[in-house]
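An overview of the molecular structure
So you can see what is in the structure, the chains are spelled out below.
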Amino acid sequence: MKNIVLLTGSSHPALARRIGESLGIEIASCTLGKFSNQETSVEIKDSVREKHVYIIQSGCGRVNDNVIELFILIQACRMGSAKRITVVTPLFPYSRQSDKSQKKRLPQHQIGSEIMNSLTQTSETSPSLPQGAFAQSFMGMSSAEGGYRQWCARAGTLIANLVQAAGADHLIAMDLHDPQYQGFFHIPVDLIYAEPCIIQWIRSEIPNWRQAVVVSPDAGGAKRATSVCNKLNLDFALIHKEDLANTKESMGLVGEVAGRPAIILDDMIDSGSTIGLASEILKRHGATEIYAIAVHGVFSGPALQIINRSPVTIVACTNTVPQEEFRSQCAKLRTIDIAPMLGEIIRRTFYGESVTQLFVHDEQA
């Protein structure tokens, strides 16, 4: 492959090296560091003039430092006369901050009544402002005591704008927490999925997978779980919250798992509380073995301690986030390698081939 350059930031150089190996390309020489005042320093030592540059940077570890480093890498390539700059973010930074604050403002069980209130509520305040908590939630507002309206920053939208402002021409992202992020960009976005790798792992690593039940730990992940169910011809179950309290008593199970293995499927494991509670509910309902699979294994705070104490048999995550340190602290962790798939996606985008064909499921027995 000529006229292609692979660059990596500080977030996940091991993944970048594996991608380079799958493509038969060496990572371009680049010095990353800090000045004495802690400002980010970037120096690209190989020429990028008239070349297609792929910058691999995941939104993990020291996220804020890595984001700034990404912007400077993009700008350095732009100033170095790169022909095209593609940003590859296995885990897109700030991907959970598009509507997180909005969810905190308005409990879901109040939405129906707030719709009616927003239509009938009157106020002596300026008519240019939306009335009612429901309307305000969509405008990014919240009402504090005394009638003051607080505007919510949407950091995810800001990051999308900054990636484009820095000079990126194309973005490749894996399993966005909020797919709506694609709409924040004016440049082409290839949203890719770890589902083929997950299906392959289930077939090869779970001995009795044909008898298993795929479980979504919440309603938001039902679409992802049912997609895997349909491709593997497995049954589906759903854990739902009966009220706002995040406890075992407030969560119920829809579906039958008694006497069968259960596979919990989610896009991200962060604090580990969802997986911990879901596994206890499944164990209480008679699941024989419990597997948890997630695309992004962030494991912040007490997540590993929660998993170690939980009845989960195995937790498998892709290597969009470095997993070596986590695996040394938890014997239940397994890693699903996505480097070959990312390498193939880079090859296809470089040659202008279809990316969608990678996700066309091959019906196997």
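Residues numbered from 1 in each chain as written. Predicted model: local features only at pLDDT ≥ 70, side-chain atom pairs only at ≥ 80, totals over all residues. Heavy atoms only, no water.

Describing the pairing of strand E10 (residues 213-216)
Side chains of E10 alternate between two faces, with Val 213 and Val 215 and Val 214 and Ser 216 buried alike. One ladder, built from 4 bridges, connects E10 with strand E11 (residues 235-241); its direction is parallel. For Val 213, the partnering residue across the bridge sits in E11 and is Asp 235. For the handedness criterion, the β-α-β arrangement of E10, helix H8 (residues 222-232) and E11 is classed as right-handed. (Buried < 20%, exposed > 50% of the residue type's maximum accessible area, 1.4 Å probe, protein only. Helix = DSSP H or I, 4+ residues; strand = E, 2+ residues; numbered from the N terminus. Pairing = 2+ DSSP bridges. Right-handed = clockwise from strand over helix to strand, strands pointing away.)

Regarding the sheet that holds strand E15 (residues 314-318)
Here we have 7 strands laid out as an open sheet, ordered E12-E11-E10-E13-E14-E15-E16, and mixed in their pairing. Every interior strand has two partners, whereas the edge strands, strand E12 (251-254) and strand E16 (333-336), have only one. Each adjacent strand pair in this sheet contributes to an overall mean axis angle of 25°, direction not counted. Inspection of the sheet shows E11 paired to E12 by 4 bridges, in the antiparallel sense. Its bridge partner lying in E12, His 240 is registered against Gly 252. (Axes fitted to C-alpha atoms, helices over the stretch in contact; angles between N-to-C directions.)

Overview of the environment of Leu 342
Among the secondary structure elements, Leu 342 is positioned in helix H12 (residues 339-351). For Leu 342, a relative accessible area of 2% corresponds to the buried category. Filtering out sequence-adjacent residues up to four positions away, Leu 342 remains in contact with Leu 15, Ile 19, Pro 90, Met 174 and Ile 192. (Contact = heavy atoms within 4.5 Å.)

Some points on the side chain of Glu 69
On the secondary structure map, Glu 69 appears in helix H2 (residues 63-79). Despite its burial, Glu 69 remains without a salt bridge, the nearest opposite charge being carried by Lys 34 at 7.2 Å. In terms of polar contacts, Glu 69 uses its side chain to reach the side chain of Gln 57, at 3.0 Å. Residues in contact with Glu 69, not counting those within four places in the same chain, are Gly 9, Ser 10, Leu 32, Thr 40, Val 42 and Gln 57. (Lys, Arg positive; Asp, Glu negative; His and termini not counted. Salt bridge = Lys/Arg side-chain N within 4 Å of Asp/Glu carboxyl O. Polar contact = N/O pair within 3.5 Å; in protein donor to acceptor, adjacent residues only side chain to side chain.)

Considerations on the packing of aromatic side chains
What describes a pair of aromatic rings is the distance from one ring centre to the other and the angle between the planes of the rings. Scanning the model with the defined rule gives 6 aromatic pairs in all. Relative to Phe 359, the ring of Tyr 193 lies with its centre 6.0 Å away and its plane at 85°, an arrangement referred to as edge-to-face. In this pair, Tyr 193 sits in the loop between strand E9 (189-192) and helix H7 (195-205) while Phe 359 sits in the segment after H12, placing the two residues 166 residues apart along the sequence. On the basis of relative accessibility, which here comes to 38%, the residue Tyr 193 falls in the partly exposed class. Centre to centre, the rings of Phe 299 and Phe 326 are 5.2 Å apart; their planes meet at 65°, and the pair counts as edge-to-face. Of this pair, Phe 299 sits in the loop between strand E14 (290-297) and helix H10 (303-309) while Phe 326 sits in helix H11 (residues 324-329), placing them 27 residues apart in sequence. These aromatic residues form a ring-pair network of at least three members: Phe 92, Tyr 181, Phe 184 and Phe 185. (Phe/Tyr/Trp six-rings, centres within 6.5 Å; stacked < 30°, edge-to-face > 60°.)

Everything listed here is a matter of coordinates, which is why it stays silent on function.
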